Structure formats: structure tokens, C-alpha cells
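Coordinate inspection notes
If you want the building blocks of each chain, they are given just below.
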Amino acid sequence: MTERGDTAAAEDFATGLPGPTRPRWVVIHWTPEALGLVRAIAAAEPAPELTLIGPAPVEAVAAALAELPAGHVQKYWQGSASGGVEALARFFADTAGLPAADAIIVLPLRGHGETDAFSRLVCTAILRACKGKPPHVVVAVEDPEATHEFEGLGVATIFYPGFLRAALLAHACVDLGAFRFMLALLGGRLRVETWPVPPELRAGTFREACLNVEVDRRGRPVTLIGLFAPGEGGPDAMLLSPPPSRPLRDASALLVLTGEAE
């Protein structure tokens, strides 16, 4: 992406709080429609300092960015990949400072041809800008079949909309609800525990357990998300979101998402 001007409006957001402990994240292809993502990132501890790169003019995003916490967004750059990979890599290295970032999120850029191919071009430029050693790069793809096409580009995590369970188990997810959930888990505000199967439910099903296991010992809401049961010829295995009719007779424990950590 080639810089199209760092205006006074953008400078208004260059107020990142000082301190070496704040991680720096870069979000590429950001638009005001993804404002929820930036709000969710602001809830992290310590709150990352953000650099945003997107297709919209600075003036078009100024109002949206003004809604965010002071100092959260250090810079917004408008840019274009029309100059090719090499020009994009120079922009990433010299202007946007990607080699010094702690993490990079590449969102889909819709309305510009094949979305995933465009994201691969961006990841290639990131790799070159960082001289083959990029920071933690997370990419959202439109087509799950495209994930293998990012191999060798230094991408740490790939996720795709509509596959929430996979995203929560194995991928990063910037869907607002899922992202808040992930931050709560990582920040200790939520946790997953194993609970014994109540004797009165031993003859029942997973559905009955979901209806009966609703609060912890302090009366706070909990969510039953799975169970442990014998695996195929081995020790007990974790079974997430089993069918509602799944019997509990052989379950050794329940997997429960709790409220605030003690």
C-alpha cells in the first residue's frame, strides 16, 4: 500500500500511551464496519496500541475512530496495493513499521476481485517487509479451501467466518462476540472447568445436563459445553458440543464454561 497522505485528522489519533509493555498490533484492510473489532481489542490487558491500514480516506474514518478510547489507535493509514508487491512491502516496512509490530491481522478486502488472492498478496508483502521473519500474522479468509494457499507466507493463524467452533478451538477469531469470548478466556474473566456428573443425571442425556447445570456454587451462570468420555481404546477424551441425545452413563466429567475467575 502506498501512503496517500498523513493528514491532521490522522495525527489526532497518534496519541498512543507511552510504556514498553503495550503490545503493538496492526490491522490491515480495516474499515469502519470493523469498528467492533477495534473496540474488542481495546478490552485486552494490556490494551494493544493499534495501527490501522485501510482503503477509506482519513476523513471518512475520522468520526468512527473518534468513538474509540483515547490513545488506542496510534495511526490510520489510507493505502493502495496498486503499485504491486514490492511497493507494498516498502510501505509496510518504511511507513507502517510492520517489522516492529507484535501482531498483524489481515481482514478480507471485499469488492476488489478475488478476496483471498488479494490477502495472499498482502501476506507476501508482509513477509518481504519483515525480511522473512514476520510477527504473529492472523488472516481471515473467505473460502476455507484457500487456507493451504497461505503456506510458506509466515501466517500463524487462519480463520474463516461461519466455523465458530473451529475458530474457538484452534484459530483466532475477530468476530466481535467470539473475540470478546476469547479475550475473556485469555484474560481470566472466564475459564473452563471439569465438574463431576451429578448422580441424578447419570441416567440422562447431555440435553438434560444442559438444562440442569446452570449455576456454580456461588450462583453465577455457567454454560455446559462438553464432557469427558472413554475414547476409542484409550483414556477419556474431551467431547465438545456432543449431540443433545448423547447419554451420560459413561461420562467421567462435564466440561463447564464458568463466570468470573475467583
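Look up: the structure comes first, before these words.
An account of the accompanying structure is given in this report. Because the structure is predicted, anything quoted here is derived from the model rather than measured. (Residues numbered from 1 in each chain as written. Predicted model: local features only at pLDDT ≥ 70, side-chain atom pairs only at ≥ 80, totals over all residues. Heavy atoms only, no water.)

Considerations on the pairing of strand β2 (residues 49–54)
The element β2 is largely enclosed, with a buried count of 6 among its 6 residues. The two faces of β2 match: E49, T51 and I53 on one face and L50, L52 and G54 on the other face are all buried. Taken together, the 5 bridges between strand β1 (residues 24–28) and β2 define a ladder with parallel strand orientation. Residue pairing across strands places W25 opposite L50, the latter belonging to β2. As judged from the 5 bridges shared by β2 and strand β3 (residues 73–78), these two strands associate in the parallel manner. Within β3, the position partnered with L52 by the bridge is Y76. (Buried < 20%, exposed > 50% of the residue type's maximum accessible area, 1.4 Å probe, protein only. Helix = DSSP H or I, 4+ residues; strand = E, 2+ residues; numbered from the N terminus. Pairing = 2+ DSSP bridges.)

A short note on the pairing of β1
By the criterion of burial, β1 is predominantly enclosed, with 5 of the 5 residues buried. Neither face of β1 is open: one carries R24, V26 and I28, the other W25 and V27, and all of them are buried. Alignment of β1 against strand β4 (residues 103–106), held across 4 bridges, turns out to be parallel. Of the residues in β4, the one forming a bridge with V26 is I104.

Some remarks on the sheet that holds strand β7 (residues 191–195)
The 4 strands are arranged β7-β10-β8-β9 in an open sheet whose pairing can be described as antiparallel. Taken across any chain shown, the strands that pair with only one partner, and hence form the sheet edges, are β7 and β9 (236–240). In this sheet, adjacent strand axes meet at a mean angle of 30° when their direction is disregarded. Across 5 bridges, strand β8 (residues 223–230) lies against β9 in antiparallel orientation. Within the sheet, the bridge partner assigned to L227 lies in β9 and is L239. (Axes fitted to C-alpha atoms, helices over the stretch in contact; angles between N-to-C directions.)

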